[in-house]
Amino acid sequence: MKDRTLVLGLGNDLLGDDGVGLTVARVVESRHQQRDVDVVESGEAGLALLEIIDGYRRVVIVDAIQTGQVEAGTVMIYGPEDFRRVVAPSAHYSGLPEVLELGARIGCDMPRDLKVVAIEIADPLHFSTELTEKVAHAIEEAVSKVLGLLGEPALQAR
Amino acid sequence: MESNGQKHITVDPITRLEGHGKIDIFLDDKGDVERAYFQVPELRGFEVFSLGRPAEDMPQITSRICGVCPTAHHMASTKALDHLYHVEPPRPARLVRELVYNAFMLEDHALHVYVLGGPDFIVGPEAPAAERNILGVIGKVGLEVGQRVIATRRRVRELITHVAGKVIHPVFGLPGGVSKGLSPDDVPGFKQLAKDGLDFAQFTLQVFKDIVLANREYVELIKSDAYTHKTYYMGLVDEKNQPNFYDGDIRVVDPNGKEFAKFKEVQYLDHIAEHVEPWSYVKFCYLKNVGWKGFKGGIDDGVYSVAPLARLNVADAMATPIAQEAFLEYEAALGPRPIHHTLANHWARVIEMVYAAERLVEIMDDPEVASDNLRVIPTATPDKGIGVVEAPRGTLFHHFETDPNGILTLVNLIVATQNNSARMAMSVETAAKALIHGFDVSEGLLNKVEMAFRAYDPCHACATHSMPGQMPLVVRLHGSDGTLLEEIKR
């Protein structure tokens, strides 16, 4: 097992708010000061995630979410215990919980510590490279939360 | 979980994409199904987003539309650029494109067979839904199979990355060729990989035969009326009417298997039209020269289907020997062709895995595969370009028009799932009609409906996320006066 930490930004940067996880990961990459942290951005799904996280001791995923229960721009932190395992009817819906369990069962090095920093979004269905205002405002908070999880004091915006 | 340290909410998969994946079922006075409507989310504004950009950017942009089939979009756009700039790639470039493309088809089909749709059969249609996934598959066929799936997929993806760059941001296809080929040093390793890929595909065919075909109940299910629709079929074929994923003519056969049309991609608008229903964002593609008759099926209705089942229905034979043998066996068991059973898509998909792997072996044995003659530089003025490929989920069209400087003035994409949308709606309605009588909804309605549309391997919301992955399916039953009687959620 690599004694390293992975920050993984997920989403689609062509679908407006959907790409916020990628933006946050990019800011984290420019600010974090730890040698044992890798930052990766991905727009892939399902089993591809297994290949990315395999071997990391600690993983922080940054992702967009649409619960419909909180204001857009709300930043939340989830752990694996918050996931429910489900069946995916299409590649677009294959989820992390299944991937984690599969990895563990077939002997991959699954992270001992995994958190998801999720940003509630407003609109993931229109093609755009812009974030909506509330979501754009949430970037700083999400970055702070990621850096906090990495054990760094939240750095001031530069 | 925590939210600013104050608020507690639960993560419910159903709310991941609120309000999508809706099925509305309308009952008549007797409580039987009159109509069922299947609605899915649709991404909007792609054309507006693209206009005014250089057409040359499209292979990069379209490959980012979707985290599942980036390679299909990249290749369709690249071929549209060849056409737009009036340039034909040299043979070695075409070989490298086909190599990458078949590697992609192999790994994407493997994903569906073992992880997404296949588990319905490998684990069993009567197994609890929670077990019908890759974990159920390894429970049934053994841990080492799971390891093999992961390892083979990883190696095939490494091949794609080696040649084409990052899967989601490929820097590979250029008008008139490719940016990078294979070096002679790459050849032995990739030859071995192609052979291992073929072993894996043949092994998968054996798993499918042992578990699915040896089980009479499963075969009966595949052949049952609930999953059968007599429609037209469409797919790309070579000059011998054998399926080819990368290139060819578009062939359409009627519900009796007779060739109805065969045309070049530039003629697609002469053959395909889109029907709009008030209840859905999705535009339903149909054959213009047959006409829209409203989800009826049969020879008078222009509804057609794409994807593995359709590709094998438009074929006279497979282009490679082991796939051909499997094709004959498939035809003997379910035929005569055309085979109208939606669930036969799963078997057809495995046969296509074998073909893709055999094609990889052939390409790696080609003396020109490591040639450095990889590009013809375009010199003509761009105007209009149309590219077509067979994506894993079916025929994919990219159509671009530009001004003389190559700036986009028109963009039209028809994706595989759009081609299949009318037949998918028919499948949902058929399941509803079979399972709802006299206001009584049978157990397993959602399951039946899901099995039908999972066989198409549908592509609905093109984004990827870490959150629980369930398709948020909601079924709503309405009385004859439109009042909501019942709502079933998963």
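Residues numbered from 1 in each chain as written. Chains lettered and ligands numbered in written order. Predicted model: local features only at pLDDT ≥ 70, side-chain atom pairs only at ≥ 80, totals over all residues. Heavy atoms only, no water.

> Quick question: what am I supposed to make of the overall build of chain A here?
A tally of regular secondary structure across chain A gives five helices and five strands. Counted from the first residue to the last, chain A has its helices and strands arranged as β-α-β-α-β-β-α-β-α-α. Within chain A, counting contacts between residues at least 6 apart in sequence, those at least 24 apart form 80% of the total. Looking at chain A as shown, the accessible area adds up to about 5,800 Å², and 46% of this sits on carbon and sulfur atoms. (Helix = DSSP H or I, 4+ residues; strand = E, 2+ residues; numbered from the N terminus. Contact = heavy atoms within 4.5 Å. Areas by Shrake-Rupley, 256 points an atom, 1.4 Å probe, with all protein chains shown as cover.)

> Looking at this structure, how should I read the overall build of chain B?
Summing up its helical and strand segments, chain B has 15 helices and 18 strands in all. Within chain B, the proportion of its 490 residues that are buried is 65%. Restricting the contact set of chain B to residue pairs at least 6 apart, pairs at least 24 apart contribute 68%. Carbon and sulfur atoms provide 50% of the accessible area of chain B, an area that totals close to 17,400 Å². (Buried < 20%, exposed > 50% of the residue type's maximum accessible area, 1.4 Å probe, protein only.)

> Can you help me understand the domain arrangement of chain B in this one?
Accessible area lost on assembly of the parts is the figure often given for the size of an interface. All names here are of chain B. According to the domain assignment, chain B contains domain 1 (13-43 + 421-489) and domain 2 (46-418). Taken together, the contacts link 26 residues of domain 1 with 41 residues of domain 2. Where domain 1 abuts domain 2, roughly 3,100 Å² becomes buried across the two surfaces, and 59% of that area is made up of carbon and sulfur atoms. By the criterion of area lost to domain 2, the three top residues of domain 1 are Arg423, Met451 and Asp457, representing 24% of everything that side buries. Counting every contact that joins domain 1 to domain 2 gives zero salt bridges. Where domain 1 touches domain 2, the interface holds ten residue pairs in polar contact (both at pLDDT 80 or more). (Domains from an automatic or database assignment. Buried area = accessible area lost by both parts, 1.4 Å probe. Salt bridge = Lys/Arg side-chain N within 4 Å of Asp/Glu carboxyl O. Polar contact = N/O pair within 3.5 Å; in protein donor to acceptor, adjacent residues only side chain to side chain.)

> Mind showing me how you'd approach helix α5 (residues 139-149) of chain A here?
Residues spaced three or four apart along an α-helix face the same direction, because each turn holds 3.6 residues. Along α5 of chain A, the residues that are buried comprise Ile139, Ala142, Val143, Lys145, Val146 and Leu147 of chain A. Two residues or fewer past α5 of chain A, Gly151 of chain A is found with a positive phi of approximately 85°.

> What is the right way to look at the packing of helix α4 (residues 91-116) of chain B against helix α8 (residues 187-213) of chain B in this model?
Think of two packed helices as two axes; the pair is described by the angle between the axes and how far apart they sit. All names here are of chain B. It is the contact of α4 with α8, at a shortest axis distance of 12 Å, that shows an interaxial angle of 25°. Classified by the angle their axes make, α4 and α8 are roughly parallel. As for the relative orientation of α4 and α8, their crossing is left-handed in sense. Taking contact as the criterion, the partners of Leu106, Ala110, Val113 and Tyr114 in α4 are, on α8, Gly197, Phe200, Ala201, Phe203, Thr204 and Val207. (Axes fitted to C-alpha atoms, helices over the stretch in contact; angles between N-to-C directions. Parallel < 35°, antiparallel > 145°, perpendicular 65-115°, else oblique. Left-handed = near helix turned anticlockwise from the far one by under 90°.)

> Mind showing me how you'd approach the sheet that holds strand β14 (residues 408-414) of chain B here?
Pairing between the strands of a sheet is mediated by backbone hydrogen bonds and can be parallel or antiparallel. Residue and element names in this part refer to chain B. A sheet is described by the order of its strands in space; here three strands give the open sequence β12-β13-β14, paired in antiparallel fashion. Whereas interior strands pair on both sides, the edge strands pair on one side only; in this sheet they are β12 (384-391) and β14. Neighbour-to-neighbour, the strand axes of the sheet open up by a mean angle of 10°, direction not taken into account. Judged from the six bridges that link them, strand β13 (residues 394-402) and β14 form a sheet pairing that is antiparallel. (Pairing = 2+ DSSP bridges.)

> Where do I start with the sheet that holds strand β8 (residues 259-263) of chain B in this structure?
All names here are of chain B. An order of β8-β7-β6-β11 is seen for the four strands of this open sheet, with the pairing classed as mixed. At either margin of the open sheet sits one strand with a lone partner, and together these are β8 and β11 (304-305). Bridge count for strand β6 (residues 232-237) against strand β7 (residues 249-253) is five bridges, and the pairing is antiparallel. By the bridge assignment, Leu236 is partnered in β7 with Ile250.

> Hey, could you run me through the packing of helix α3 (residues 96-105) of chain A against helix α6 (residues 134-141) of chain B in this one?
Running from N to C, α3 of chain A and α6 of chain B point in directions that differ by 25°, and their axes come no closer than 9 Å. On the basis of their axis angle, the class for α3 of chain A and α6 of chain B is roughly parallel. Where α3 of chain A approaches α6 of chain B, its residues Glu98, Glu101, Leu102 and Arg105 of chain A are matched on the opposing element by Ile134, Leu135, Ile138 and Gly139 of chain B. The class makeup of the residues in the contact of α3 of chain A with α6 of chain B is four nonpolar, one polar and three charged. (Nonpolar A, V, L, I, M, F, W, Y, C, P; charged D, E, K, R; others polar.)

> Sorry if this is basic, but what is going on with unusual backbone geometry here?
All names here are of chain B. Geometrically, the link from Gly335 to Pro336 is a cis peptide bond, its omega value of 5° lying close to zero. Take Pro336: it is sitting in the loop between α12 (321-334) and α13 (345-364). The amide bond that connects Arg337 to the next residue, Pro338, takes the cis arrangement and shows omega of 0°. As for its placement among the helices and strands, Pro338 is situated in the loop between α12 and α13.

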